[in-house]
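# Structural characterization, general
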Amino acid sequence: VNMIECKNLTRFYEGDGTKTIALRDVNLSFMKGEFTAIIGPSGSGKSTLLSLLGTLDKPSEGTIAYDNEEILKKSKSKIADFRFQEIGFIFQQFHLLPTLTALENVLTPLFSRKVPYNKLERAIEVLEQVGLQDKENSLPSQLSGGQQQRVAIARAIVHKPSWLLADEPTGNLDTETGERIYDLLRELNEQEGCGVLFVTHDPALAAKANRIITMKDGIMLSDKVGATP
Ligand code: ADP
Ligand code: ADP
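Summary of the structure given here. (Residues numbered from 1 in each chain as written. Chains lettered and ligands numbered in written order. Predicted model: local features only at pLDDT ≥ 70, side-chain atom pairs only at ≥ 80, totals over all residues. Heavy atoms only, no water.)

## Some details on the overall build of the protein
A count of helical and extended segments in the protein gives 7 helices and 10 strands. Relative to the globule expectation of 17 Å for 229 residues, the C-alpha radius of gyration of the protein, 17 Å, shows essentially globular dimensions. With respect to the three principal axes, the spread of C-alpha positions in the protein is 50 × 40 × 40 Å. The burial tally for the protein puts 49% of its 229 residues in the buried class. Once local pairs closer than 6 in sequence are excluded, the contacts in the protein between residues at least 24 apart make up 69%. Within the structure as shown, the protein displays about 11,000 Å² of accessible surface, and the carbon and sulfur contribution to it stands at 48%. Considering the protein, the positive charge centre built from 26 side chains and the negative charge centre built from 30 side chains are found 5 Å apart. (Helix = DSSP H or I, 4+ residues; strand = E, 2+ residues; numbered from the N terminus. Rg over C-alpha atoms; globule rule 2.2 N^0.38 Å. Buried < 20%, exposed > 50% of the residue type's maximum accessible area, 1.4 Å probe, protein only. Contact = heavy atoms within 4.5 Å. Areas by Shrake-Rupley, 256 points an atom, 1.4 Å probe, with all protein chains shown as cover. Lys, Arg positive; Asp, Glu negative; His and termini not counted. Charge placed at Lys NZ, Arg CZ, Asp CG, Glu CD.)

If you want it as structure tokens, here you go:
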């Protein structure tokens, strides 16, 4: 998919007579190959926006189209197939399975999927790509935070997605380790042509992106060209 486009995207939560508007009427489109930062204070709707774009969540109102096809009109299993083909997700807390080795964690997205390549070879290849060729058999608890995030990145790209969505991928890491993770995302963007959308609290990191989207109170405040277009 070469383009993701959302129109009037709104997400609210209702309960106990209260209504929280997490995202309000957001209109955006992203082209494959772009490298975009989403920045804004805690609670401004960044995670919500990313989850909606990646079909992990459904909007209350509005539409999301992948190459002009409205994704949410499709069946659950079609959406799941689409997500598998197109999207890799990375989270702040890594979300690795603690009882599986690095290699096994990377293999999990391919479990029960038909793919036109050798799964084990592919998993080894992506672990090499993130610089962890010697950590295949390590458990997450035996790895540093930066290494765990690298395993999570390998897992996010093992199925060759066109888009990499990262929710505060450096939020749990010290500045230097975070910068190295940022460099890796940049490399994947340049080498694989993945569209990268990453959420960050760090203005310095955001400023290095090609495009910077600023959120506040669920509203998109600005959509600007960054430092390295
Ligand atoms: P950010 O990622 O910028 O910190 P979020 O997208 O996580 O912001 O949240 C935006 C708003 O929506 C916040 O006020 C948050 O508390 C609220 N919110 C997010 N998820 C839920 C949920 N599952 N139930 C109720 N409110 C939620
Ligand atoms: P972030 O690090 O992006 O700010 P949070 O810690 O705010 O994330 O939220 C983590 C998870 O909790 C998210 O999946 C979000 O949807 C959910 N969440 C956030 N706020 C609420 C809320 N008020 N009620 C229920 N779930 C929430």
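## Focus on the state of the cysteines
As enumerated under the stated definition, the model contains 0 disulfides in all. As a non-bridged cysteine, C6 has C194 as the owner of its nearest cysteine sulfur, 20 Å distant. (Disulfide = S-S within 2.5 Å.)

## Quick look at the site of ligand 1
In the vicinity of ligand 1, the residues found are Y13, T20, A22, P41, S42, G43, S44, G45, K46, S47 and T48. Y13 has a polar side-chain atom sitting 3.3 Å from a nitrogen atom of ligand 1. In the environment of ligand 1, an oxygen atom lies 3.0 Å from a nitrogen or oxygen atom belonging to the backbone of G45. Isolated, ligand 1 exposes 560 Å² of accessible area, and the fraction of that covered by the protein chains is 60%. For the shell around ligand 1, the secondary-structure elements that each account for two or more residues are strand 2 (18–31) and helix 1 (46–53). (Near = heavy atom within 4 Å. Polar contact = N/O pair within 3.5 Å; in protein donor to acceptor, adjacent residues only side chain to side chain.)

## Side note on the environment of N189
Its location among the elements puts N189 in helix 6 (residues 175–192). Overall, the relative accessible area of 7% leaves N189 in the buried class. The spacing of N189 and Q149 is 40 residues in sequence and 17 Å in space, taken between C-alpha atoms. With residues up to four places along the chain from it excluded, the contact list for N189 reads G33, E34, F35, C194 and V196.

## Structural notes on the packing of helix 5 (residues 145–157) against helix 6
Interhelical geometry of helix 5 versus helix 6 gives an angle of 20° and a closest axis separation of 10 Å. The angle between helix 5 and helix 6 falls in the class roughly parallel. Classified by chirality, the crossing of helix 6 by helix 5 is right-handed. Only T177, R180, I181, L184, L185 and L188 of helix 6 make contact with helix 5, whose side of the interface consists of G146, Q149, R150, I153 and I157. Partitioning the contact of helix 5 with helix 6 into residue classes produces 6 nonpolar, 3 polar and 2 charged. (Axes fitted to C-alpha atoms, helices over the stretch in contact; angles between N-to-C directions. Parallel < 35°, antiparallel > 145°, perpendicular 65-115°, else oblique. Left-handed = near helix turned anticlockwise from the far one by under 90°. Nonpolar A, V, L, I, M, F, W, Y, C, P; charged D, E, K, R; others polar.)

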